[in-house]
Amino acid sequence: MSSTRLEKDSLGQVELPADVLYGINTFRSLANFPISGRPIATYGEFIRAIATVKQAAAQANLELGGLTPEQAAAITAACEEVRAGRHDAHFVVDMFEGSGGTSTNMNVNEVIANVAARNAGQALGEYAVVHPNDHVNLGQSTNDVIPTALKLAVYGALAETPTALRRLAQAFSDKAAEYADLLRLGRTCLQDAQPMTLGQAFGGYAAVIARHADELEALQDQFLTVPLGGTAIGTGFGAQPGYTAAVCRHLAVLTGAAVKPASNAFDAMQNMDNCARLSAELRNTANTLWKIANDLIILSSGPMGGLEEITLPSVQAGSSIMPGKVNPVIPMAVCQVALAVTGNDTAVTLACQQGLLEINHYELIVCDRLLESIRLLTRTATVFTDRCVSGLVGNAEASRQHLLNSSALATALVPALGYAQVSGVVRAAVAEQRPFIEVAMERGLLREDEIQPILYRATHGAAA
């Protein structure tokens, strides 16, 4: 048996490995786009989404008389295999293919047609049963298939992200309760400011992370409005009357989600503002985690030459040359992810901006960058929760000493003594390198029994 097979198109004849499930269009893309080394199967959710679109299309075309029951059944069975992940190795087109998604669409069409051929006992590359273009792609074009699949893939990928973020928010909320009474020095511009508790700081982290989870969840539903049925440019030319409603109905059943057609197909095919909007929120979320991670790095600095107000879990040795050194590796990883997501957002923003006339032909990089950002953010939130936040410890003594050695109580004396007089005490404490409290008590401006009530009022605000 030959180890190769011949396939022909309008550009000529090529020789393919005999056992590959893709065809000549995919083969040509391999020569044209050996770029990133990241095949479209890098994101299984994307492949599953395209196969789901093809399956819904087959069912709609059967309903409208465009396919025979045998053809629709063959396509459906092949799509089920693809959706189960059985043929991922055959989705080989590069994520950075420059054909506006045509190579990706044809890769899926060819695999489905060849699986159908094999299931029918036919030779690979013999499309008598199901043809990649005439049957698998019936009523579709790359221009409505790829953006629809992108949206469905993003919708599915986003399902876990709010959950991961809420787990992280809950971990900080738990720490807020645990350290509700641990007094510490609040800082602004990295300078001594006012008293607060460690629990209040953690409560702030919990609140902002929960807000981001809510925002991402709200954006997720926008990805259920799809351009499928618009075919090449939004006119619907190439699909039968009633196809759009039918295919979206079948797509909703297959996905279990409220998929619906766009109210204006031209808008849906020209514009990717929802992708840009989501990317920006992913960046905002990553930047919030970045800020929090940096705070933990600063607060855990030391142990002797830094703040040492918290201790992070020791998850690995910090140096190959300095014995006993432990670094804040989890927060540093969070910061690196935020850098990557920020870069991804720049790429998505520019790609969404660069649509020309009736379509955006940069959808593949938008898909790649969005799905990577979602994956990175979800995994990072989980690691941050489990490997860092859940196990961190607040150090009461170091926090108390920093607070009492600072001028944090100065603001509380201003109403009684005036800003100028209190400022003089602060400057004297700094010049003499003595705690502010010590100088204030020495000058008769503060009694020791007043310190705790002042701290309580300062940390509990007007409610006290």
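Our structure is the block above this text.
Chemist: Can you explain empty space enclosed by the protein? Please cite residues and give values.
Modeler: Going through the model one piece at a time under the given rule, you end up with 2 cavities of 30 Å³ or more. As a volume, the largest cavity reaches approximately 70 Å³. Every element with two or more residues in the lining of the largest cavity is listed here: α6 (142-157), α10 (265-270) and α11 (273-299). No other element matches the 3 residues that α6 contributes to the lining of the largest cavity. Residues of the lining of the largest cavity, tallied by class, amount to 7 nonpolar, 2 polar and 2 charged. What lines the second largest cavity is simply Leu 312, Pro 313, Val 315, Asn 327, Pro 328, Val 329, Ile 330, Pro 331, Arg 387 and Cys 388.

Chemist: Lay out the layout of surface pockets with the relevant residues and their values.
Modeler: Of the volumes computed, that of the largest pocket is approximately 470 Å³. Looking at the largest pocket, it is lined by 19 residues, and the ones nearest its centre are Glu 45, Arg 48, Ala 153, Gly 156 and Ala 157. Elements supplying a minimum of two residues to the lining of the largest pocket: α2 (44-63), α6, α9 (243-255) and α13 (363-387). Of the voids in this model, the second largest pocket is the one considered here, and its volume is about 350 Å³. Forming the walls of the second largest pocket are 16 residues, and the residues nearest its centre are Ser 300, Gly 302, Pro 303, Val 326 and Asn 327. For the lining of the second largest pocket, a count of residues per class yields 7 nonpolar, 7 polar and 2 charged.

Chemist: Please provide a residue-by-residue account of the packing of α2 against helix α3 (residues 69-83), values included.
Modeler: Packing of α2 against α3 leaves a shortest axis separation of 9 Å and a crossing angle of 165 degrees. With respect to α3, the element α2 is oriented roughly antiparallel. Taken as a pair, α2 and α3 cross one another with a handedness that is left-handed. Contacts between α2 and α3 involve Ile 47, Arg 48, Ala 51, Thr 52, Lys 54, Gln 55, Ala 58, Gln 59 and Leu 62 from the first element and Pro 69, Ala 72, Ile 75, Thr 76, Cys 79, Glu 80, Val 82 and Arg 83 from the second. Its residues placed into classes, the contact of α2 with α3 shows 9 nonpolar, 4 polar and 4 charged.

Chemist: Outline the environment of Glu 97, supporting the account with residue identities and numerical values.
Modeler: Position of Glu 97 relative to the elements: it lies in the loop between α3 and α4 (102-119). With a relative accessible area of 5%, Glu 97 lands in the buried category. Separated by 2.8 Å, the side chains of Glu 97 and Thr 104 make a polar contact.

Chemist: Any details on α4? Residues and values, ideally.
Modeler: Here α4 contains 18 residues, and its C-alpha end-to-end distance of 26 Å stays within 8% of the 26 Å for a straight helix at 1.5 Å per residue. Counted residue by residue, α4 has 15 buried out of 18 residues, so it is predominantly covered. Gly 121 sits one or two residues past α4 and shows a positive phi near 80 degrees.

Chemist: How would you sum up the environment of Ser 279? Please name residues and give values.
Modeler: Within the element layout of this structure, Ser 279 appears in helix α11. Measuring from C-alpha to C-alpha, the distance between Ser 279 and Ile 374 comes to 9.0 Å, with 95 residues separating the pair along the chain. Leaving out residues up to four positions away in the same chain, Ser 279 has contacts with Asn 344, Asp 345, Val 348 and Leu 370.

Chemist: Requested: an account of the pattern of salt bridges, with residues and values cited.
Modeler: One pass over the full model with this rule turns up 22 salt bridges. The salt bridge involving Glu 45 is made with Arg 375; its shortest N-O contact spans 3.8 Å. Placement of Glu 45 in helix α2 and of Arg 375 in helix α13 is noted, with a sequence separation of 330 residues between them. What makes Arg 375 partly exposed here is its relative accessible area of 27%. For Arg 434, the salt bridge identified is with Glu 442, shortest N-O distance 2.8 Å.

Chemist: Explain the pairing of strand β4 (residues 191-197) residue by residue, including any values.
Modeler: Of the strand pairs in this sheet, strand β3 (residues 183-188) and β4 are connected by 5 bridges, and their pairing is antiparallel. Looking across to β4, one finds that Arg 187 is bridged to Asp 192. Remark: 2 residues form the turn of the hairpin made by β3 and β4, two consecutive strands paired antiparallel; Cys 189 in that turn has positive phi of roughly 55 degrees.

Chemist: How would you sum up the packing of aromatic side chains? Please name residues and give values.
Modeler: According to the stated counting rule, one finds 4 aromatic pairs in the structure shown. Aromatic side chains Phe 172 and Tyr 205 sit 5.3 Å apart centroid to centroid with 75 degrees between the ring planes, which places their arrangement in the edge-to-face category. In this pair, Phe 172 sits in helix α7 (residues 161-178) while Tyr 205 sits in helix α8 (residues 198-220), placing the two residues 33 residues apart along the sequence. Here Phe 172 and Tyr 205 have matching classes, each one buried. By the ring-pair criterion, three or more aromatic residues cluster together here, those being Phe 172, Phe 202, Tyr 205 and Phe 384.

Quick notes on the rules
- Residues numbered from 1 in each chain as written.
- Predicted model: local features only at pLDDT ≥ 70, side-chain atom pairs only at ≥ 80, totals over all residues.
- Heavy atoms only, no water.
- 1 Å grid on protein atoms, 1.4 Å probe; cavity = no way out; pocket = protein on both sides within 12 Å on 5 of 7 lines; lining within 4 Å.
- Points joined across faces, edges and corners; volume = space filled by probe spheres on them.
- Helix = DSSP H or I, 4+ residues; strand = E, 2+ residues; numbered from the N terminus.
- Nonpolar A, V, L, I, M, F, W, Y, C, P; charged D, E, K, R; others polar.
- Axes fitted to C-alpha atoms, helices over the stretch in contact; angles between N-to-C directions.
- Parallel < 35°, antiparallel > 145°, perpendicular 65-115°, else oblique.
- Left-handed = near helix turned anticlockwise from the far one by under 90°.
- Contact = heavy atoms within 4.5 Å.
- Buried < 20%, exposed > 50% of the residue type's maximum accessible area, 1.4 Å probe, protein only.
- Polar contact = N/O pair within 3.5 Å; in protein donor to acceptor, adjacent residues only side chain to side chain.
- Expected span 1.5 Å × (residues − 1).
- Salt bridge = Lys/Arg side-chain N within 4 Å of Asp/Glu carboxyl O.
- Pairing = 2+ DSSP bridges.
- Phe/Tyr/Trp six-rings, centres within 6.5 Å; stacked < 30°, edge-to-face > 60°.

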